[in-house]
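Here is how the chains run, residue by residue.
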Amino acid sequence: MLIALGLMMIATFTFLIMTNRMSTITALTLVPVFFALLGGFGLQVPEMMLNGMKKVAPAAAFLLFALLFFATMIDAGLFDPLIKKILKWVKCDPVKIAVGTSVLTLSVALDGDGVTTFLIVTTAMLPLYRQARMHPATLATIATISFSVMSGMTPWGGPAARAMSVLNVSQAEYFGPFLPTMILACAWVILVAYILGRLERRGILKGGVVGNSEFANAAVFEDDPERIALQRPRLYWINMALTIATMGTLIADVMPSASLFLLAFVIALMINYPTIAEQKKRLKAHSGSALLIVAVVLVGGSFTGILSETHMVDALAAQLVSMVPTSWSGLVPAIIALVSIPFSFVMSNDAYFFGVVPVLAKAAEAYNVTPVEVIRAAVLAQPVHFILPLVPSTIVLLGATQLDLKTHIRCATPWSVLTCLVFIVLAIVTGSLSFNL
């Protein structure tokens, strides 16, 4: 009965989210409550929900303050010098434009907000693509696979943060050993951008340089009075030192990550925007997106609390374990990574990381695979996730580039799938994922 209830709960939750019949928060709350009551758990359900939320509270606090910290750094203009140098360097060379797109996306995606990232990238780079007669699908492909590294792999990115919160994995445990994989992943997406740029230069992707203009859309950043008012160029090196110190402390795991980013955020706010009025404006500007993400994490904790304490997850995991030969135990992390590719393509991150990943993690325990490895394996499939038209940031990207979905899927899918496979190999080579034949 528990297996049937668990499968129906996950399937119902996934269906309601994917078909837009319920919002994520509503589905995460009502679906597990309904099936728990159906299973006869009655008055135990509210306590299960609370226990689940208690477990994810530290992760929710970390995510909130990490997002606010990086948003403050972006407001203060920490990455603007790099952005302007990229725009000045690319000129009208398709190879440089493509590589610049990747570097720009990697640079501005630290706050994990896909909508903001894609708006900045398309606003800055699309005029260059048009002038060089490059296909906008090239921009969309490069932007999505580059964003998948920062959004998908960083501990404050949505997918990893969801999984860490429900599996009770610390940010330092996840991030430190995963950092070499992330660095190589960044190098790979830049290499893909270089290859696509070369294809554009040769005219294979309907590219070709037109003229020799040195036009760079730096005016996008220079002419916005509101943006200029927020920048703090005189504090550039102080902000850089604070960011490096924060990241170093996170990797060293010398203090709780939520406390670390709370302190870092408050210091950043006081340094860059010392008056109370300025601080209120910055909090108001970013509180909407941050609050929504934190709410989803807390509600996700409620979902997994019910899934766990009703023992549905145990029953589902036992069923999965019975289907995998014991001789495959050394391949389990790689198998999870490969299975995550189609799951990430057809499912929302909420459905997959709250509904499916906890079951995979429970099943993997039978093969001595730790939850942190399951999380790393699952996030490696993020490059294909942003092909999904239900992702809000993808809709924004397609609208900004005026691409139809069919063209985007046709152009992006081969590179996204290849990128997932390369990420898996990189994770195995760097030791982020175990692999024993």
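Residues numbered from 1 in each chain as written. Predicted model: local features only at pLDDT ≥ 70, side-chain atom pairs only at ≥ 80, totals over all residues. Heavy atoms only, no water.

## A few points about the overall build of the protein
(1) Moving on: The number of helices and strands found in the protein is 21 helices and zero strands.
(2) Moving on: Within the protein, the fraction of its 437 residues that count as buried is 55%.
(3) Moving on: Across the protein, the fraction of contacts at a sequence separation of at least 24, relative to all contacts at a separation of at least 6, is 80%.
(4) Moving on: For the protein, the exposed area adds up to about 18100 Å²; of that, 68% sits on carbon and sulfur atoms. (Helix = DSSP H or I, 4+ residues; strand = E, 2+ residues; numbered from the N terminus. Buried < 20%, exposed > 50% of the residue type's maximum accessible area, 1.4 Å probe, protein only. Contact = heavy atoms within 4.5 Å. Areas by Shrake-Rupley, 256 points an atom, 1.4 Å probe, with all protein chains shown as cover.)

## Regarding the packing of helix 17 (residues 349-364) against helix 18 (residues 371-379)
(1) Moving on: Closest axis-to-axis distance for the helix 17/helix 18 pair is 9 Å, and the angle between their directions is 135°. The angle between helix 17 and helix 18 falls in the class oblique. The chirality of how helix 17 crosses helix 18 is right-handed. Residue-level inspection shows Tyr352, Phe353, Val357, Leu360, Ala361 and Ala364 of helix 17 in contact with helix 18, the latter providing Val374, Ala378 and Val379.
(2) Moving on: Along the lines of polarity and charge, the residues of the contact of helix 17 with helix 18 split into nine nonpolar, no polar and no charged. (Axes fitted to C-alpha atoms, helices over the stretch in contact; angles between N-to-C directions. Parallel < 35°, antiparallel > 145°, perpendicular 65-115°, else oblique. Left-handed = near helix turned anticlockwise from the far one by under 90°. Nonpolar A, V, L, I, M, F, W, Y, C, P; charged D, E, K, R; others polar.)

## Notes on the UniProt feature "transmembrane region" (unreviewed entry) in the protein
(1) Moving on: Residues annotated by UniProt as "transmembrane region" (unreviewed entry) correspond here to residues 58-79, 137-158, 178-196, 235-252, 258-276, 288-307, 327-346 and 415-435.
(2) Moving on: Helix makes up 94% of residues 235-252 and strand 0%, whereas the separation of the span's terminal C-alpha atoms amounts to 26 Å.
(3) Moving on: This span, residues 258-276, is 84% helix and 0% strand, and a straight line between its end C-alpha atoms measures 23 Å. (UniProt positions renumbered as here; feature names shortened; annotations may be inferred.)

## Comments concerning the nonpolar core
(1) Moving on: Met125, Met153, Trp156, Tyr174 and Phe261 are the most contacted members of the largest nonpolar core, which has 135 residues in total.
(2) Moving on: Excluding its chain neighbours within four sequence positions, the residues that come into contact with phenylalanine 261 are Phe62, Phe65, Ala66, Phe69, Phe70, Trp156, Thr246, Met247 and Leu250. (Core = buried A, V, L, I, M, F, W, Y, C linked by side-chain atoms within 4.5 Å.)

## Some points on the side chain of threonine 401
(1) Moving on: Examined against the element boundaries, threonine 401 turns out to sit in helix 20 (residues 392-401).
(2) Moving on: Polar side-chain contacts of threonine 401 include one of 2.8 Å to the backbone oxygen of leucine 397.
(3) Moving on: In this view, threonine 401 contacts Thr122, Leu126, Pro136 and Leu139; residues no more than four positions away in its chain are not counted. (Polar contact = N/O pair within 3.5 Å; in protein donor to acceptor, adjacent residues only side chain to side chain.)

## With respect to a nonpolar patch on the surface
(1) Moving on: On the surface, Leu191, Tyr194 and Ile195 cluster together into a nonpolar patch covering about 240 Å² of accessible area.
(2) Moving on: Residue position: isoleucine 195 is located in helix 9 (residues 171-201).
(3) Moving on: By relative accessible area, isoleucine 195 is classed as partly exposed at 30%. (Patch = residues over 30% accessible without salt bridge, like charges linked within 9 Å, V, L, I, M, F, W, Y side chains within 5 Å. Salt bridge = Lys/Arg side-chain N within 4 Å of Asp/Glu carboxyl O.)

## Concerning the pattern of salt bridges
(1) Moving on: Enumeration according to the criterion identifies four salt bridges in this entry.
(2) Moving on: In this structure, the salt-bridge partner of aspartate 93 is arginine 201, at a minimum N-O distance of 2.8 Å. On the criterion of sequence distance, the pair formed by aspartate 93 in the loop between helix 4 (80-90) and helix 5 (94-108) and arginine 201 in helix 9 is long-range, its members being 108 residues apart.
(3) Moving on: The partner of arginine 232 in a salt bridge is glutamate 278, and the shortest N-O contact between them spans 3.3 Å. Of this pair, arginine 232 sits in the loop between helix 11 (225-230) and helix 12 (236-252) while glutamate 278 sits in helix 14 (residues 276-309), and the two are 46 residues apart along the sequence.
(4) Moving on: Overall, the relative accessible area of 27% leaves glutamate 278 in the partly exposed class.

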